[in-house]
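The chain contents come next:
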Amino acid sequence: MSDEVEQLNSRGELRHLITLGGLERAHLEEIIELATRYLTPVGASAPRDDILAGRTVANLFFEPSTRTRASFELAAKRLRADVLNLDVNMSSRAKGESIMDTIFTLQAMQVDIFVVRDASTGVPARIARQVAPHVCVLNAGESDVSHPTQGLLDLMTIQRHKGDVREVCVAIVGDIKHSRVARSAHQALAKFGVGELRLVGPAELLPEDGEFDGAKRSTELAEGIRGADVVMALRVQRERFAELGDIPDPQEYSRRYGLTEERLGLAKRDAIVMHPGPMNRGIEIVGAVADGPRSVIQEQVTHGVAIRMAVLALIHRHIDQEAHG
Ligand code: ASP
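Residues numbered from 1 in each chain as written. Predicted model: local features only at pLDDT ≥ 70, side-chain atom pairs only at ≥ 80, totals over all residues. Heavy atoms only, no water.

Participant: Describe the sheet that holds strand β1 (residues 56-61), naming the residues involved and giving the relevant values.
Facilitator: The strand order β2-β1-β3-β4 describes an open sheet built from 4 strands, whose pairing is parallel. Each having just a single partner strand, β2 (82-86) and β4 (136-142) make up the two edges of the open sheet. Neighbour-to-neighbour, the strand axes of this sheet turn through a mean angle of 15 degrees, independent of strand direction. This element, helix α4 (residues 123-130), spans β3 (113-118) and β4 of the sheet and lies at about 175 degrees to β4. (Pairing = 2+ DSSP bridges. Helix = DSSP H or I, 4+ residues; strand = E, 2+ residues; numbered from the N terminus. Axes fitted to C-alpha atoms, helices over the stretch in contact; angles between N-to-C directions. Contact = heavy atoms within 4.5 Å.)

Pasting the structure below:
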């Protein structure tokens, strides 16, 4: 669990986004509804809004990222914010400066929003508790605990294809134990009363008992995806294994859990296939499925920018009110 932090301001508006766990369903609905308005037809120019003009967003990624960082950067720029990307290798953290010193320095440079990714638990919440009253913190991936904008974009993608999730069976396949994506997806789906959630993977990659309340577990791929409406494949998170020797052998993993066209035939005929990226083609998913007609993987990416624009636009209310009283 993320350390507790109040994510709403005194008016009940979103200020920080650290975990979906602490939010009401109405907050998620508001974000997804606004994100939907930030979608434009394929080939049309990207959506724009000048709501963050004059504001500054700092992307602080203390763990490698390509898509999430690019997604937050584009989202902020499409809202006309000034964007600062801190190079991890050059970061003062590497020089031994504490994260909070870096944050306070950037805050003194009038950064209004911090987008933070970190490999250790509790960092986004710790920052959120200490920043100035008008400043907002967005969690862009916290250890194996939380990745709230990913959970939102996954929920949005499922709703757009399948409608009311109370009728939907979602199978998450792979390294669920180390996955912040799966944890945030579970929080989002549970709030909307998902019909059925199945966790599928080798026993050693399934989460501890007591986690993922209400989900069914299976170590057999066929059993786990039979009749599912949504199949979400996950990467084996090699970087989060305490012991290198515990990382599953890729060939063996792919033989038992790799998503192939044939295996996908067990899911519903109109099932969609999701993956948060980065994909290991040929391991957890074959190219023909990743690029096939049921794949919504590229849509997830598009929805990701729209969700991040929506979150940034909504927290802007807080910054503005704090600034103008
Ligand atoms: N991009 C996702 C994350 O940040 C999934 C992954 O890395 O496998 O957690």
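Participant: Mind laying out α4, listing which residues take part and the relevant values?
Facilitator: Among all positions of α4, only V123, P124, A125, I127 and A128 are buried. Those residues of α4 that are buried are in contact with α3 (99-108), β3 and β4. (Buried < 20%, exposed > 50% of the residue type's maximum accessible area, 1.4 Å probe, protein only.)

Participant: Which residues make up the site of the ligand, and what values go with them?
Facilitator: Around the ligand sit R117, H147, R180, V181, R235, Q237, G277 and P278, and those are all the residues in its vicinity. Between the ligand and R117 there is a distance of 3.1 Å, counted from an oxygen atom to a side-chain nitrogen or oxygen. Contact distances for the ligand include 2.7 Å between an oxygen atom and a side-chain N or O atom of Q237. The protein chains hide 94% of the 260 Å² of surface that the ligand would expose on its own. For the shell around the ligand, the residue count by class is 2 nonpolar, 3 polar and 3 charged. (Near = heavy atom within 4 Å. Polar contact = N/O pair within 3.5 Å; in protein donor to acceptor, adjacent residues only side chain to side chain. Areas by Shrake-Rupley, 256 points an atom, 1.4 Å probe, with all protein chains shown as cover. Nonpolar A, V, L, I, M, F, W, Y, C, P; charged D, E, K, R; others polar.)

Participant: I'd like a rundown of the packing of aromatic side chains, residues and numbers included.
Facilitator: Under the defined criterion, the tally for this structure stands at 1 aromatic pair. Here the aromatic rings of Y253 and Y257 are separated by 5.5 Å at their centres, their planes lie at 35 degrees, and the arrangement is tilted. One end of the pair, Y253, and the other, Y257, are both in helix α8 (residues 250-257), 4 residues apart, so they sit about a helical turn from each other. By the burial criterion, Y253 is buried, and Y257 matches it. (Phe/Tyr/Trp six-rings, centres within 6.5 Å; stacked < 30°, edge-to-face > 60°.)

Participant: Account for the sheet that holds strand β6 (residues 196-200), with residues named and values stated.
Facilitator: With parallel pairing, 5 strands are arranged side by side in an open sheet as β7-β6-β5-β8-β9. Every interior strand has two partners, whereas the edge strands, β7 (216-218) and β9 (272-274), have only one. Direction aside, neighbouring strands of the sheet carry axes that sit 20 degrees apart on average. For strand β5 (residues 169-173) and β6, the ladder comprises 5 bridges, and the chain directions are parallel. Bridge pairing in β6 places I172 opposite L199.

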